[in-house]
Amino acid sequence: MRVIIVLLFVGYILIWFLLPTKQYKNNWTPTLETDLESTYFQSQGRNLLLFSFPVMLIAVCGSVYLHFQKKQARITTSTISGGLSFWRRPVVVLNPLGIVTAVELAFSAMFIVLLIWSLANYVYVSFGNLHMNHGIKVEVWQSKFRSVSLRLGYIGNITWAFLFFPVTRGSPILGIFGLTSESSIKYHIWLGHISMVLFSAHTIGFITYYAMTHQMAEMIEWSQTYVSNVAGEIAIVFALGMWVTSFYSTRRKKFEVFFYTHHLYIVYIIFYALHVGAAYFCMVLPGIFLFLIDRYLRFLQSMQHARLLSARLLPSGTLELNFSKHPGLHYNPTSIMFLNVPSISKLQWHPFTVSSNSEMESDVVSVVIKREGSWSQKLFNQISSSVQHFQISVEGPYGPNSSHFLRHELLVMISGGSGIASFISIIREIIFESRKPNRKVPRVLLICAFKKAADIAMLDLLLPMNVSDSQILNQVELQIEAYITKDQEQPSFTDNTKTETKWFKPHPKDSPVTSPLGPNNWLWFAAIIASSFLMFLLLLAIINRYYIYPIDKNTNKIYHYSFFVIWDMFLGCASIVILSSVVFLWRKKQNVNAIAQQIQNFEMEMEMETPAEVESLPRQSLVETTNFGARPDLKGILLGCKGSDDVGVLASGPRTLRHEVAKICSSGLADNLYFESISFSWRDVVESTDNIDVDFELSEKFEDYKGSDDDIFPSMRGNADDEGLPRQDRRDEGNSVP
């Protein structure tokens, strides 16, 4: 399966490299047009075969591969080889790029080479066959100017071919490369900026050309036989609106504007397709097709209400919500889950870190929420009230496909503030793996910094409620060092420093959290991709052969050029909706028995539990040292990790903290430090780049965010206004973004 995927991917990239060459245009294009552009697919046949089919086949094979990968060992304990470790190390730590590894830099360089190569060849070939308008006097240099402007649009299509893969949360394309949508958003940002530069230059170039040649009337033409200039102008207007509001300065001050304008991508796609035409649209179709499948499945999943079992309320204002989950739902550490609470807002979706372990807690999935913004404050108030039932919808969980960080000898995890939530699931995974016979797990050094002493209660979430401190200390070599930056001494504990657990009654319409397509999610996803794409091709062939072709055959009529792409969009969406709905409803029907059994088990548990119980103080016995009024010496700690040849380093918290850790690991001062490029939350995306197409929480007033976790490391932060979003937009939910 790996060989097939690699060959398909290499062949697909090779086609992009050959596309602009003279050999392809003069020798191969006539043959391909003769063989592939039949009455069933017309001008779309060639691009459907060369550009759409390979990617869809990669997605199907990738889904099958990921399914069987889950059946094998969940982790590997082998250390990183020397060559691979070099490619995984960060080489660039710079705003606004963020943390860029060697392999990311290499692939970025190759992509830039592809763009330059394509533009150079397009221009070279076009200059040999210039478009001269015989009805209007056009100079040769003006025709060359038009040719360059046109080819800039062609290059923009290349960026669009890859633009939607990073924002497809359940994408098999990302999974087979070991990526997640969460960690790949930055690629979407980079591609978005490049595409906008190219399309803006393309638009300005044609406006200038029309002005020079006195053809401004062309700007309002919607041709029946060629591309629509009006559609392109409408598309670029929407695109510019999205682009301008995505910049750091605009997004930081008016996040709602950024959030809402980016939903205009739907209109942008429609008019973009109408402008480029059906044949060129098929070149970028796979990314959009897979994105729509994923988006519709997310919609179907979110229509169900999740069964909330209990909530742990910590004195630091932190919540751990525990949901019932299907036993077949498996996820890896550092996963996230999106929540929607209709009683607070029916539109807002918030991403939160998953703290539970899918194997240790087979019937429960938990998320951690920090109370800092108005939305989370409302949630905390409602949870802490006497409510008996709570209605919540979920999407996810989404996360990596393996627990690769467990291969290290020593794992150093550095957190700032509520960034500790990202490490809870990792520690629980290590606890679970340590129980297996002959399983070697890494030693763990956890460095956590908090602003106030009350925040240290978050360490109570490191362990499940049914696990004691002594059990952990006997199984896992865990060392925790805590730093309290604001309080100078240990405060006295009161009743307000205790952890409270609340239980909720289930509702008949609530369902356990599960994947949209059940335990065999990847196999069913492959089935949906294959069947919906084949259904799209079949319907398109029927429409072309028995409806469009008879019209074109009549010499008195010409089928409108734009109608071809309208059919493509309609048939594609219809195929996705029909097949996805059928599979989703079929899988939901099969899960009815499992859900009924879980309801019965939970009701039995409720009879043995009191409605609310108060637990002991936070598990301070796990903390080796607590330093008041101090901040960790990151460089000294990391360079002092002696005795281990393989030290994995993870950082979670303020962006400057993560960047500082990455710089130390990439400085070359120590050869045994391996910085793991794991994106812990969607907050990372908003801090380091201009996020696009993510269902964020809307930004709150500045007063809701005073005293964020960035105050923990002010010496590293420098000027807060120069380091990303202001504090109010960074840390609203601890592990969520506004």
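For the structure, check the block above.
All values derive from a computational prediction rather than experimental measurement.

(A) Layout of the packing of aromatic side chains. According to the stated counting rule, one finds 34 aromatic pairs in the structure shown. One aromatic cluster in this structure is built from Trp 160, Phe 164, Phe 199, Tyr 265, Tyr 268, Tyr 272 and Phe 291. The ring of Phe 127 carries the charged tip of Lys 144 above its face, separated from the ring centre by 5.2 Å. Across the ring face of Tyr 546, the terminal group of Arg 545 is positioned such that the distance to the ring centre comes to 5.4 Å.

(B) Geometry of the pattern of salt bridges. If you walk through the whole model with that rule in mind, you get 8 salt bridges. With a closest N to O distance of 3.2 Å, Arg 428 and Glu 320 form a salt bridge. Here Glu 320 lies in strand S5 (residues 318-324) and Arg 428 lies in helix H14 (residues 421-434), a separation of 108 residues in the sequence. For the pair formed by Arg 428 and Glu 320, the shared burial category is buried. Several salt bridges share partner residues, and in doing so they unite Arg 169, Asp 294, Arg 298 and Glu 395 into one network.

(C) Quick look at helix H2 (residues 22-36). An ideal rise of 1.5 Å per residue puts 21 Å on 15 residues; H2 measures up with 20 Å between its terminal C-alpha atoms. Along its length, H2 shows its largest kink, about 50°, at Trp 28, and proline Pro 30 lies within four residues downstream of that point.

(D) Structural context of the packing of helix H6 (residues 140-163) against helix H8 (residues 181-212). Relative orientation of the contacting elements H6 and H8 amounts to 155°, with a least axis distance of 8 Å. With respect to H8, the element H6 is oriented roughly antiparallel. You can see that H6 and H8 cross each other, and the crossing is left-handed. A per-class count over the contact of H6 with H8 returns 16 nonpolar, 12 polar and 1 charged.

(E) Expanded view of unusual backbone geometry. Between Gly 396 and Pro 397 the backbone carries a cis peptide bond, its omega angle lying at 5°. Summarising the element assignment, Pro 397 is placed in strand S9 (residues 393-398). Although it is not a glycine, Gln 42 adopts a positive phi angle of roughly 55°. Checked against the element boundaries, Gln 42 lands in the loop between H2 and helix H3 (45-71). The backbone phi angle of Thr 334 is positive, close to 70°, even though this residue is not glycine. Within the secondary structure, Thr 334 is located in the loop between S5 and strand S6 (336-340).

(F) Quick peek at the packing of helix H5 (residues 102-127) against H8. Between H5 and H8, whose axes approach to 13 Å, the crossing angle comes to 25°. Considering the angle they form, H5 stands roughly parallel to H8. The handedness of the crossing between H5 and H8 comes out as right-handed. Here Glu 104, Ser 108, Phe 111, Ile 112 and Leu 115 of H5 lie close against H8, whose contacting residues are Lys 186, Tyr 187, Trp 190, Leu 191 and Ile 194. Residues that form the contact of H5 with H8 fall into these classes: 7 nonpolar, 1 polar and 2 charged.

(G) Quick look at the nonpolar core. Counting 101 residues, the largest nonpolar core has Trp 16, Trp 160, Phe 162, Tyr 268, Phe 281 and Phe 536 as its most contacted members. Top contributing element to this core by residue count: helix H12 (residues 265-302), with 22 residues. Every residue in contact with Phe 281, bar those within four places of it in the chain, is listed here: Ala 273, Val 276, Ile 288, Val 565 and Met 569. Counting residues in each nonpolar core, the second largest holds 36 residues, with Met 360, Ile 424, Met 458 and Leu 461 among its members.

(H) Quick look at the pairing of S5. Extensive coverage of S5 is indicated by the burial of 7 of its 7 residues. Going residue by residue along S5, you find Thr 318, Glu 320, Asn 322 and Ser 324 tucked away on one face and Leu 319, Leu 321 and Phe 323 tucked away on the opposite face as well. Pairing geometry for strand S4 (residues 308-313) and S5, over 5 bridges, is antiparallel. Bridging from a neighbouring strand, Ser 310 pairs with Asn 322 of S5. In textbook terms, the turn of a hairpin is the stretch between consecutive antiparallel strands, and for S4 and S5 this stretch comprises 4 residues, one of which, Gly 317, has a positive phi near 85°. Sheet topology places S5 next to strand S8 (residues 364-370); 7 bridges connect them, and they run antiparallel. By the bridge assignment for S8, Glu 320 is matched with Val 368.

The rules we used
Residues numbered from 1 in each chain as written. Predicted model: local features only at pLDDT ≥ 70, side-chain atom pairs only at ≥ 80, totals over all residues. Heavy atoms only, no water. Phe/Tyr/Trp six-rings, centres within 6.5 Å; stacked < 30°, edge-to-face > 60°. Lys NZ or Arg CZ within 6 Å of the ring centre and 35° of its normal. Salt bridge = Lys/Arg side-chain N within 4 Å of Asp/Glu carboxyl O. Helix = DSSP H or I, 4+ residues; strand = E, 2+ residues; numbered from the N terminus. Buried < 20%, exposed > 50% of the residue type's maximum accessible area, 1.4 Å probe, protein only. Expected span 1.5 Å × (residues − 1). Bend = angle between axes of the 7 residues up to and from the residue. Axes fitted to C-alpha atoms, helices over the stretch in contact; angles between N-to-C directions. Parallel < 35°, antiparallel > 145°, perpendicular 65-115°, else oblique. Left-handed = near helix turned anticlockwise from the far one by under 90°. Nonpolar A, V, L, I, M, F, W, Y, C, P; charged D, E, K, R; others polar. Contact = heavy atoms within 4.5 Å. Core = buried A, V, L, I, M, F, W, Y, C linked by side-chain atoms within 4.5 Å. Pairing = 2+ DSSP bridges.

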